[in-house]
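Structural overview
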Amino acid sequence: MVKRIFSPFLYLLIGLALFTACTRTATETANTNQPKENAGNTGKLTSRSESLVTTISRISILANGDAEYNFNEKQAAFIVAKNNPSFERILALAREAFTGTKPVKLIYTGHNSLEELAWPSEAESTTYTDWYRYNIVNPEPDRRLNPADLNTTYFNTADWQNWKVFRFCTKTVPSLATAKTIFNYCAGQGCYLGPTLVQPCIPFEYVKDGCFARAHKMRWIIESKYGYCSEKVFSYGNLDVKADKWGGCCVGWIYHVAPLIRVKSGSSILCYVIDPGMFNEPVLLSTWLAAQGNTGCDATSSGATAYSIQPSSAYTPAQGYNSSTYTTDPNYSITNNDLVYYNNAGNTCN
C-alpha cells in the first residue's frame, strides 16, 4: 500500500456506493509458492457464473507455471492453469489492466474459479467510476510487522498502537466480559445455526472469502446494538489459515479483515478482534495476526507482513488511480447482498 501522512480531517465520502477506482499500490511478482489448496466447496454457486467489475491487486506466476490473480474486492485468490487455452490471453489482459490501473470484468463461479477476464462495457465502466464511489480518502497507512517478533506487553495496548482513527470515537468496551457478550451475539448470527435474529445471517462457515461482508455486519451489531466504538483491522501478506471450526481444510488469502474493539483492562485499554470464523472468543490483536501464517498449510507462508486499522466504515481495499483507499457501504445494501451470496456458497471445507 502507498504510505501517506494521515489527517483526520481528510476522510471524504465521494459518490453513491462501493468499489471505486482509487489505487492500492501492488506489484506483479514471480511467486515461487505452490498453488493454494482448493477448499473444495460444494455449495449452490458452482452451477452458475458470476461477474464483477473489479481491480487487480497482484499477479503471481507460481512454481508450476500457473497464474494466480488477486483482486481488491475479492479475498480469495483465483488460479488459471498453464494448460488453459486462454492462459496467455487472460495474462496479457490482466497485465495491461494492472499496469494501467484499469478495472476489469471478472467472470467466475462460486468456487472462485476464474472463467474469463474481459474489459467492462462502456456502461459498466461508467457505473464503476460514477456510482461506486463512497470511498475513504487518505486512510491510515499500513504498518509493517513480523508477528514472531511482537512484544505483546505493549503491542496490544491502544496507547502503543496510537492510530489516529481511535480519536474519532471514545466509547470503548468496559470489560472483557462485555466483549465476550458482543462476540457471542455476533457468533450466534451464524447461518449454520438456522434462523437468526439478525438478517441476513452471517456465513462464518465460508472461510474462503467474504470476510469484508461478515466484518461489516458485525460492525453494525457492535455499534447499533451495543453502542460501542469499533474499527476494522486489515491484515496483508501471503496468509494461510486452517479452518479448524469448519472441517480443518487450509485456506489462503492475500488480506483479511475483522472488527476491532478497544476493551478496558485495569489501567490499560487493549485491542481485541471479533472473528467468529477463526476463534471462539475475542482475541488480542497480536493473536489474530499471528494466526494467519499457518506453515502446516503452506511451508512458505509469510503470515501477516503488514496491517492497518481503519474506520469501521471501511469495507474492502480498493485499487485505482495513484492513491491508497478503502471502499465503504454506508447503507449495508452491498453487505447484505454479499452475505446472501456467500451463504449460498456452503461450507468452505465440504
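Everything below is about the structure printed above this text.
Described below are features of the structure shown in this document.

Below, the discussion takes up the overall build of the protein. From N to C terminus, the protein includes eight helices and 14 strands. The buried share of the protein, taken over its 350 residues, is 56%. Long-range contacts, defined as pairs at least 24 residues apart, comprise 72% of the intrachain contacts of the protein with a sequence gap of at least 6. A total of about 14,100 Å² of accessible surface is found on the protein, and carbon and sulfur atoms cover 52% of it.

Attention now goes to the sheet that holds strand β8 (residues 231–242). Reading across from one edge, β7-β12-β8-β9-β10-β11 is the order of the six strands in this open sheet, with antiparallel pairing throughout. The sheet terminates laterally at β7 (143–144) and β11 (283–284), the two strands that pair on one side only. Sheet topology places strand β10 (residues 268–273) next to β11; two bridges connect them, and they run antiparallel. Looking at the pairing, Y272 lines up with L284 of β11. Sitting on the sheet, helix α6 (residues 211–225) is in contact with β8 and β9 (250–265), with an inclination near 15 degrees to β9.

The subject of this paragraph is the side chain of R214. Along the polypeptide, R214 turns up in helix α6. For the buried residue R214, which engages in no salt bridge, the nearest side chain bearing the opposite charge is D275, 5.8 Å off. Apart from residues no more than four positions distant in its own chain, R214 is found in contact with Q75, I202, P203, F204, Y206, V207, D209 and L339.

Inspection of the entire model under this criterion finds eight salt bridges. Here R58 ties to E68 by a salt bridge, and the two come within 4.0 Å at their closest N and O atoms. Of this pair, R58 sits in strand β2 (residues 56–61) while E68 sits in strand β3 (residues 67–71), placing them ten residues apart in sequence. Judged by its relative accessible area of 3%, E68 is buried.

A word on the packing of aromatic side chains. Here the structure, examined in full by the defined rule, presents 14 aromatic pairs. Residues Y341 and Y342 carry aromatic rings whose centres are separated by 5.1 Å and whose planes lie at 90 degrees to one another, so their mutual orientation is edge-to-face. In terms of burial, Y341 and Y342 fall into one category: buried. The residue whose ring lies beneath R143 is W163, and the NZ or CZ to ring-centre distance is 3.7 Å. Cation over ring: K225 sits above Y226, and NZ or CZ is 5.4 Å from the ring centre.

Moving on to the sheet that holds β3. Sheet architecture is open: three strands sit in the order β2-β3-β4, paired in antiparallel fashion. The outermost strands of the open sheet, each flanked by one partner alone, are β2 and β4 (78–80). Strand-to-strand, the axes of this sheet are offset by a mean angle of 20 degrees, without reference to chain direction. Direction of pairing for β2 relative to β3: antiparallel, over a ladder of five bridges. Within the sheet, the bridge partner assigned to I61 lies in β3 and is A67. Where helix α1 (residues 87–99) meets the sheet, it contacts β2, β3 and β4, and its direction lies at approximately 135 degrees from that of β2.

Another point: unusual backbone geometry. Across the junction of Q199 and P200, the peptide omega takes the value -5 degrees, indicating a cis bond. If you trace the backbone, P200 turns up in the loop between α5 (176–187) and α6. Look at Y332: it is not a glycine, yet its phi comes out positive at around 65 degrees. You can see Y332 is positioned in the loop between β14 (325–328) and α8 (333–343).

Here we come to the nonpolar core. Counting residues in hydrophobic clusters, the biggest one holds 89 residues, and the most contacted among them are Y69, L285 and W288. At nine residues, the largest contribution of residues to this core is made by β9. Dropping the residues within four chain positions of it, L285 is found in contact with F155, N156, Q161, V233, L260, C271, V273, Y307 and I309.

With that settled, consider the environment of T316. Assignment of secondary structure puts T316 in strand β13 (residues 314–318). When its relative accessible area of 0% is taken as the criterion, T316 is described as buried. Along the chain, T316 and A213 lie 103 residues apart, while their C-alpha atoms are 8.8 Å from each other. A polar contact of 2.7 Å, which involves the side chain of T316, links it to the side chain of T327.

What follows concerns the packing of α5 against α6. With their axes 10 Å apart at the nearest point, α5 and α6 run at an angle of 130 degrees to one another. What the angle tells us is that α5 and α6 run oblique. Considering only the axes of α5 and α6, their crossing is right-handed. Across the interface between the two elements, I182, Y185 and C186 of α5 pack against M218, I221, I222 and K225 of α6.

The end-to-end C-alpha distance of α1, which contains 13 residues, comes to 18 Å, matching closely the 18 Å that a straight helix rising 1.5 Å per residue would cover. The set of residues buried in α1 consists of F87, I90, L91, L93, A94, A97 and F98. In a view along the axis of α1, the buried residues occupy a sector of 165 degrees, so they form one face of it. Summarising the contacts, the buried residues of α1 are in contact with β2, β3, β4, β5 (104–109) and β6 (114–118). Immediately beyond the C-terminal end of α1, within one or two residues, lies T101, with a positive phi of roughly 45 degrees.

Scoring rules and cut-offs
Each chain has its residues counted from 1, following the order in which its sequence is written. It should be noted that, the model being predicted, local features are given only for residues of pLDDT at least 70 and side-chain atom pairs only at 80 or more, the latter also being counted only at that level, while totals for whole chains, interfaces and linings use all residues. Side-chain metrics rest on all non-hydrogen atoms present in the structure, leaving aside hydrogens and water. Note on conventions: DSSP H or I runs of at least 4 residues are helices, E runs of at least 2 residues are strands, and numbering of each starts at the N terminus. The buried label applies to any residue whose accessible area, calculated with a 1.4 Å probe on protein chains only, is under 20% of its type's maximum; exposed applies above 50%, and partly exposed to all values in between. We call two residues in contact when some of their heavy atoms are within 4.5 Å. Accessible surface is estimated by sampling points in the Shrake-Rupley manner with a 1.4 Å probe; for residues, cover comes only from the protein chains shown. In this scheme, strands are said to pair when DSSP sees at least two bridges between them. Convention adopted: a line fitted to C-alpha atoms gives each axis, helices being fitted over their contacting stretch, and angles between N-to-C directions are expressed from 0 to 180 degrees. Positive residues here are Lys and Arg, negative ones are Asp and Glu, while His and the chain termini are left out of the count. A side-chain nitrogen of Lys or Arg and a carboxyl oxygen of Asp or Glu constitute a salt bridge if their distance falls within 4 Å. Under the pairing criterion, centres of Phe, Tyr and Trp rings, with the six-membered ring standing for Trp, must be within 6.5 Å; the plane angle then separates stacked pairs below 30 degrees from edge-to-face pairs above 60, leaving the rest tilted. To sit over a ring, a charge needs its Lys NZ or Arg CZ within 6 Å of the ring centre and within 35 degrees of the ring normal. The term nonpolar core refers to a set of buried residues drawn from Ala, Val, Leu, Ile, Met, Phe, Trp, Tyr and Cys, joined through side-chain atoms within 4.5 Å. Definition of a polar contact: a pair of N or O atoms within 3.5 Å, with one able to donate and the other able to accept a hydrogen when the atoms are protein atoms, and with sequence-neighbouring residues admitted only if both atoms are side-chain atoms. Here the angle decides the label: under 35 degrees means roughly parallel, over 145 means roughly antiparallel, 65 to 115 means roughly perpendicular, and every other value means oblique. Should the near helix be turned anticlockwise from the far one by less than a right angle, the crossing is left-handed, and should it be turned clockwise, the crossing is right-handed. Each helix should span, by expectation, one fewer than its residue count multiplied by 1.5 Å. Working note: the arc is built from the helix axis to C-beta atom directions.

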